[in-house]
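# Fold and geometry: a report
Spelled out from the first residue to the last, the chains are:
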Amino acid sequence: MHKYALASLILLSGALGTASARDLAAIKASGVLYVGTEPTYAPFTYTQGKKVVGFEAELAEAIARKLGVKVEWRPSGFDTLLIGLDRDRFDLVVSSHGITPERQKAVDFATPHYCSGGVVLARSNGPLTVAALKGKAVGVQLGTTYAQRAQKLPGLGSVKTYPTNADALQMLLGGRVNAFVTDRFVALEARKKFPQANLKLGEMLFQEKIGIAVKKGNTPLRNAVNAALRGVMADGTYKKISTKYFGEDIRCK
Ligand code: ARG
């Protein structure tokens, strides 16, 4: 590599990453847990002013409370989150990651904190089944399991990839794509938020277990997250937060 290119890479990684790999003791001593998320994914993580809010935001904060620390959110592009763990930019990633064998090679996951799946979302009269998607333009968020799945569906006209979940939804609302593949609860939230668009939920394409990610090999931190999660699931906190956002308890059955 050219000397200058290498130097700028080192500078760049210095600018991006402040924290170094932190074990549980270091996190507890600092009192702060750095958590990465892509916050355009209502009702899981989204922003209200400068605050990150939502079901997973409150859940992460409840887990942090059990660990005796405070969450500091680090919003990032969804496709950079797991790489960011490896580069020590965050301690945890809480961004509705489906636990897949491919991702498990790169990071470690805590016990799933909810179960859901990918659905087809369309405007009224839009395509709602895989069969109806033939020849149509389908929007997805970059780096997601929905993007992966859509790319494998036979006969689609095109799969259009957008950097954020919010962008993909806007493209559906604006008629730039015929359908959007996203999470079932995200789709329900969009339908509620934009009643004039008359959005319809269609076929469920697959189901997934969603987990919090830690850096590969950071087992003490993963165990501490699992214990804290068990705690909030047992003491009513999880149920309370889940009911607030969904009207039901969405933990895996
Ligand atoms: N569940 C999907 C996946 O695992 C999408 C998650 C998108 N999350 C987000 N915060 N935008 O890829």
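Since this is a predicted model, take the numbers as computed values, not measurements.

### Considerations on the state of the cysteines
This model, assessed by the stated rule, comprises one disulfide. One disulfide bridge connects cysteine 115 with cysteine 252, the sulfur atoms lying 2.1 Å from each other. The sign of the S-S torsion, about 100 degrees, decides the handedness of the disulfide formed by cysteine 115 and cysteine 252: right-handed. A residue pair is termed long-range when its members are at least 10 positions apart, and cysteine 115 in strand E8 (residues 114-122) and cysteine 252 in the segment after helix H10 (237-246) qualify at 137 residues.

### Overview of the UniProt feature "domain: Solute-binding protein family 3/N-terminal" (unreviewed entry) in the protein chain
The positions UniProt marks with the feature "domain: Solute-binding protein family 3/N-terminal" (unreviewed entry) are residues 32-249. Across residues 32-249, helical content stands at 36% and strand content at 33%; the span's end C-alpha atoms are separated by 28 Å.

### Examining the nonpolar core
The biggest cluster of nonpolar side chains holds 55 residues, and the ones touching the most others in it are Phe44, Phe55, Ile63, Leu92, Tyr114 and Ile250. Among the elements that make up this core, the one with the highest residue count is helix H3 (residues 55-67) (eight residues). Each of two domains, domain 1 (24-115 + 210-246) and domain 2 (117-207), supplies a minimum of three residues to this core. Core analysis: the second largest hydrophobic core is formed by 15 residues, Tyr162, Leu169, Phe180 and Ala190 among them.

### Focus on the packing of H3 against helix H9 (residues 219-234)
At their nearest, the axes of H3 and H9 sit 9 Å apart, and the two run at 110 degrees to each other. Comparing their axes, H9 and H3 come out roughly perpendicular. Residues Leu59, Ala62, Ile63, Lys66 and Leu67 of H3 lie in contact with H9, whose contacting residues are Ala224, Val225, Ala228, Leu229, Gly231 and Val232. Residue classes in the contact of H3 with H9 are distributed as nine nonpolar, one polar and one charged.

### A short note on the sheet that holds strand E2 (residues 40-41)
Pairing in this open sheet of three strands is antiparallel, and the strands run E2-E3-E4 from one edge to the other. Single-partner strands in this sheet number two, and they are E2 and strand E4 (51-53).

### Concerning the site of the ligand
What surrounds the ligand is a group of 14 residues, the closest being Glu38, Ser95, Gly98, Arg103 and Glu208. One nitrogen or oxygen atom from the main chain of glycine 98 is found 2.7 Å from an oxygen atom belonging to the ligand. The side chain of glutamine 141 places a nitrogen or oxygen atom 3.0 Å from a nitrogen atom of the ligand. About the coverage of the ligand: the protein hides 100% of its 350 Å² of free accessible area. The cavity that encloses the ligand is the largest cavity.

### Comments concerning the layout of surface pockets
Quantified by volume, the largest pocket comes out at close to 280 Å³. Surrounding the largest pocket, 17 residues form its lining, Thr40, Ala42, Ala166, Leu169 and Lys193 being those nearest its centre. Secondary-structure elements contributing two or more residues to the lining of the largest pocket are strand E3 (45-48), helix H7 (165-173), strand E11 (179-183) and helix H8 (184-193). With five residues, H8 is the largest single contributor of residues to the lining of the largest pocket. Lining the lining of the largest pocket are residues from two domains, each supplying at least three of them: domain 1 (24-115 + 210-246) and domain 2 (117-207).

### Observations regarding empty space enclosed by the protein
Per the counting criterion, the structure on display carries one cavity of 30 Å³ or more. Its boundaries defined by the atoms lining it, the largest cavity holds a volume of some 90 Å³. Taken together, 13 residues line the largest cavity, and the ones lying closest to its centre are Tyr41, Phe78, Ser95, Ser96 and Thr144. Mapped onto the lining of the largest cavity, the elements with two or more residues apiece are strand E6 (92-98) and helix H6 (145-152). Per-element accounting of the lining of the largest cavity gives the leading share, four residues, to E6. Its residues assigned to classes, the lining of the largest cavity shows three nonpolar, seven polar and three charged.

Reading guide: rules and limits
Here, residues in each chain are numbered from 1, in the same order as that chain's written sequence. Per-residue local features of the predicted model are confined to residues with pLDDT of at least 70, and side-chain atom pairs are confined, for both listing and counting, to 80 or more; whole-chain, interface and lining totals are unaffected and use all residues. Hydrogens are left out, water is left out, and the side-chain values use all remaining heavy atoms of the structure. The definition used for a disulfide is geometric: two cysteine sulfur atoms within 2.5 Å. Strands here are runs of E lasting at least two residues and helices are runs of H or I lasting at least four, both read from the DSSP assignment and numbered beginning at the N terminus. UniProt positions are given in the numbering used here, feature names are shortened, and annotations may be inferred rather than shown by experiment. Buried residues of nine kinds, namely Ala, Val, Leu, Ile, Met, Phe, Trp, Tyr and Cys, make up a nonpolar core once their side-chain atoms join them within 4.5 Å. Categorising residues by exposure relies on relative accessible area from a 1.4 Å probe, with only protein chains included: less than 20% of the type maximum marks a residue as buried, more than 50% marks it as exposed, and the intermediate range marks it as partly exposed. Note that the domain bounds were set by an automatic or database domain assignment. Geometry is summarised by axes, namely lines fitted to C-alpha atoms with helices restricted to the contacting stretch, and by angles between N-to-C directions that run from 0 to 180 degrees. Angles are sorted into four bins: roughly parallel if under 35 degrees, roughly antiparallel if over 145, roughly perpendicular if 65 to 115, and oblique for all others. The contact criterion used is simple: two residues touch if any of their non-hydrogen atoms lie within 4.5 Å. Asp, Glu, Lys and Arg are counted as charged, while Ala, Val, Leu, Ile, Met, Phe, Trp, Tyr, Cys and Pro are counted as nonpolar; the rest, among them Gly, fall into the polar class. At least two bridges found by DSSP between two strands is the condition for calling them paired. Summary of the distance rule: residues count as near a molecule or strand when at least one heavy atom falls within 4 Å of that molecule or strand. Here a polar contact is taken to be a pair of N or O atoms separated by no more than 3.5 Å, where protein atoms must pair a possible hydrogen donor with a possible acceptor and residues adjacent in sequence count only if both atoms sit in side chains. Calculation of accessible area relied on Shrake-Rupley with a 1.4 Å probe; when residues are assessed, cover is drawn exclusively from the protein chains displayed. A cavity here means a set of 1 Å grid points, computed over protein atoms only, where a 1.4 Å probe fits but cannot escape. A pocket is an open set with protein on both sides within 12 Å along at least 5 of 7 lines, and lining residues have an atom within 4 Å of a point. Assignment to a cavity or pocket requires that more than half of a molecule's atoms be within 2 Å of the site's grid points. Grid points are joined across faces, edges and corners, and a volume is the space filled by probe spheres set on the points.

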